Amino acid sequence: MDAQDILTALGLEPSHLGTGDHAVTSPIDGSVLARLSLAGPEDTDAAVERAHAAFLKWRTVPPPRRGDLVRLLGEELRANKGALGRLVSMEAGKILSEGLGEVQEMIDICDFAVGLSRQLYGLTIASERPGHRMSETWHPLGAVGVITAFNFPVAVWSWNTCVALVCGDPVVWKPSEKTPLTALACQALLRRAVQRFGAADVPDGLLEVVIGGPDVGERLVDSPLLPLISVTGSIPMGKKVAPRVAARMGRSILELGGNNGAIVAPSADLDLALRSIVFAAAGTCGQRCTTLRRLIVHEDIHAEVVERLHRAYRSLPVGNTLDAGTLVGPLYDESAFERMQAALERARADGGTVTGGERVTEGVPEGGVYVRPAVAEMPDQTEIVRQETFAPILYVLKYREFDQALALHNGVPQGLSSAIYTTDLRESELFLSAAGSDAGIANVNIGPSGAEIGGAFGGEKETGGGRESGSDAWKAYMRRQTQTVNYGRELPLAQGVKFDID
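First, a word on scope: everything that follows refers to the structure included in this document. Residue numbering note: each chain is counted from 1, following its sequence as written. Note on the predicted model: pLDDT of at least 70 is required for a residue's local features to be given, and 80 or more for side-chain atom pairs to be given and counted; whole-chain, interface and lining totals, by contrast, use all residues. Computation of side-chain values covers all heavy atoms of the structure but excludes hydrogens and water.

Regarding the overall build of the chain
Right, so step 1: A helix here means a DSSP run of H or I that spans at least four residues, while a strand means a run of E at least two residues long, and both kinds are numbered starting from the N terminus. When helices and strands are tallied, the chain shows 15 helices and 21 strands.
Right, so step 2: A compact globule built from 502 residues would reach a C-alpha radius of gyration of about 23 Å, and the chain, at 25 Å, matches this within 12%.
Right, so step 3: Taken over the C-alpha atoms alone, the chain extends approximately 85 × 60 × 35 Å along its principal axes.
Right, so step 4: Accessible area is worked out with a 1.4 Å probe on protein chains only. A residue is then buried under 20% of its type maximum, exposed over 50%, and partly exposed in between. Per-residue burial for the chain yields a buried fraction of 55% across its 502 residues.
Right, so step 5: We call two residues contacting when some pair of their heavy atoms lies within 4.5 Å. Counting only contacts in the chain whose residues sit at least 6 apart along the sequence, the fraction spanning at least 24 positions is 75%.
Right, so step 6: Only the protein chains shown count as covering a residue, and every accessible area follows the Shrake-Rupley method with a 1.4 Å probe. With an accessible surface of roughly 20,900 Å², the chain has 51% of that area assigned to carbon and sulfur atoms.
Right, so step 7: For the purpose of counting charges, residues Lys and Arg are taken to be positive, whereas Asp and Glu are taken to be negative. His and the chain ends are not included. Here the site of a charge means atom NZ of a Lys, CZ of an Arg, CG of an Asp or CD of a Glu. Side chains of the chain give 48 positive and 62 negative charges; the mean places of these two sets differ by 4 Å. Taken over C-alpha atoms, the radius of gyration is set against a globule rule of 2.2 Å times the number of residues to the power 0.38.

See the structure below:
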């Protein structure tokens, strides 16, 4: 099934995808998948206004009924998992199992959101005043702006959108200009769900997709009609977005960089650890926000771990992501390769020993940017180690005492995901304690890469502090209201205040 067949199967008309000036290319081989027109300021404003108008109607639809639409979206995703997963692989450069896995994550969040639609619980509060009842309830917030990155082109959108829809909020989605086709495909699948739901019951503008560059993102960030902006991207991007949203008293969910670390303790099951480490560090060609980038290994097992890492890395199949057996696909583009090489040069200058990292040209499609994942043995956590490079570089450090390992682990500006490999109960519990990992996600005997939708996803420090997906992340998409009802015939004031008039 080629790109045109996939686009047709997903409800897109290929002939409508070839008339614009913006070329959408596949990182697999650099081939052009489509040519699209980009949205301008007026297009973006119109999309926001349609979404706001949709909010005024959608907020009055009962939440379980809103959940029915998300349920139908989940059914469409199940029926089209193969096609959409393949399109993710073609457009984002992921291996096929990861593309399919991303769609499965979308299906899972649909299931979560459907259940959530009947669990938007508030509180009953004891009033100090006789004849009064107090409660807290949650109301829809408004249209939500969602800005996503190329590396998870559809899953992160679904985390936000499925929850937002059951909460009563339409969505204006700006996908990465690198991966707009998957966004258009998701919009088409939602349209199918709407037709089954009953188009008359769904306002126009429930999902608006605006394709464009930073100017479109800035337009969304500054719009007073979008009370919540959810952004996935780099730390510099987040530092620009947050104050602009705050300046208009809006809310933001920031999912930014992750310079994720893992500690390998002397008691670790090394067979289990090595399998986990290699996937976490080399999977998606190092282009996940949860990619393992720093490995902190006890000095007694350091040599063995490094030797086994080298052996595993040499065996990793690098190539076309659509081929069975491939485990490492391409970097997205040439600029990603240049940033990787610059980081490796800095690591060498800091006294590091680098293995791998070279370009792969044989046995891979022409036009793609393929590299051998790199291991950099570092004498210390230097400045380059403290930075996130979006590429398959694993920095390896030594430690002697566990406190030293924790200090190394936490000694970076980012705080997304973390892991420890140990069979020592004290070490694992300390790692998960208030004195342990300072990341938003902490794992024992599994890697930092990847997360289930049941838990709230997000990080601390410069990672942004936002939370998406499961747990109580839904509260970000709603507004809380404290309500008091006086059902008596008297008017007692709180705190015993007296204010009597004749």
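Examining helix α14 (residues 402-410)
Right, so step 1: Looking at α14, one finds that the buried residues are F402, A405, L406, L408, H409 and N410.
Right, so step 2: Those residues of α14 that are buried lie in contact with β10 (260-264), β11 (292-298), β14 (393-399), β16 (417-421), α15 (425-431) and β19 (460-461).

Regarding the sheet that holds strand β9 (residues 251-255)
Right, so step 1: Strand pairing follows a simple DSSP-based rule, namely that at least 2 bridges must link the two strands. Read across the sheet, five strands follow the order β7-β6-β5-β8-β9 without closing on themselves; strand pairing throughout is parallel. Where the open sheet ends on each side, the last strands, each with one partner, are β7 (207-209) and β9. Put simply, the sheet's adjacent strands are angled 15 degrees from each other on average, direction ignored.
Right, so step 2: In terms of strand pairing, strand β8 (residues 228-232) meets β9 through five bridges, oriented parallel. An axis is simply a line fitted to the C-alpha atoms; with a helix, the fit covers only the stretch in contact. Between two such axes, the angle follows the N-to-C directions and lies from 0 to 180 degrees.

Considering the sheet that holds strand β3 (residues 123-125)
Right, so step 1: Across the sheet, three strands lie side by side as β3-β4-β21; this open sheet has antiparallel pairing. Of all the strands in the sheet, the pair left with one neighbour each is β3 and β21 (478-486). For this sheet, the mean inter-axis angle between neighbouring strands, taken without regard to orientation, is 25 degrees.
Right, so step 2: As paired elements, strand β4 (residues 132-140) and β21 share nine bridges and run antiparallel to each other. Counted as the bridge partner of T137 is Q481 from β21.

Section: the nonpolar core
Considering soluble globular proteins, one finds that nonpolar side chains tend to be buried as a cluster.
Right, so step 1: The set of buried Ala, Val, Leu, Ile, Met, Phe, Trp, Tyr and Cys residues whose side-chain atoms join them within 4.5 Å is what this entry labels a nonpolar core. The biggest cluster of nonpolar side chains holds 74 residues, and the ones touching the most others in it are L69, L73, L84, W173 and L181.
Right, so step 2: Take this core: its biggest share by element is eleven residues, from helix α7 (residues 180-197).
Right, so step 3: Contacts of W173, omitting those with residues within four sequence positions, involve V146, T148, P153, W157, A183, C186, L207, E208, V209 and V210.
Right, so step 4: Formed by 61 residues, the second largest nonpolar core is a distinct cluster that contains L295, Y313, F337 and F431.

Section: helix α6 (residues 155-167)
Right, so step 1: By this rule, a helix spans an expected 1.5 Å times one less than how many residues it contains. Helix length check: α6 (13 residues) gives 18 Å between terminal C-alpha atoms against 18 Å at 1.5 Å per residue, within 8%.
Right, so step 2: Of all the 13 residues making up α6, 13 are buried; the element is thus mostly covered by neighbouring parts of the structure.
Right, so step 3: With its phi angle positive at about 100 degrees, G168 sits one or two positions after the end of α6.

Quick word on the pairing of strand β1 (residues 22-25)
Right, so step 1: The side-chain alternation of β1 yields one buried face, formed by H22 and V24, and one unburied face, formed by A23 and T25.
Right, so step 2: The pairing of β1 with strand β2 (residues 32-36) spans four bridges and is classified as antiparallel. Residue pairing in the sheet places V24 in a bridge with A34 of β2.

A word on the packing of helix α4 (residues 81-92) against α7
Right, so step 1: Put simply, α4 and α7 touch, their axes get as near as 9 Å, and they point 160 degrees apart. In terms of orientation, α4 lies roughly antiparallel with respect to α7. Crossing of α4 over α7 shows left-handed handedness. On the side of α4, the interface is formed by L84, L87, V88 and E91, while α7 contributes P180, L181, T182, A185, C186 and L189. Each angle receives one of four descriptions, namely roughly parallel if under 35 degrees, roughly antiparallel if over 145, roughly perpendicular if within 65 to 115, and oblique otherwise. In this scheme the handedness of a crossing depends on how the near helix is turned from the far one: anticlockwise by less than a right angle means left-handed, clockwise means right-handed.

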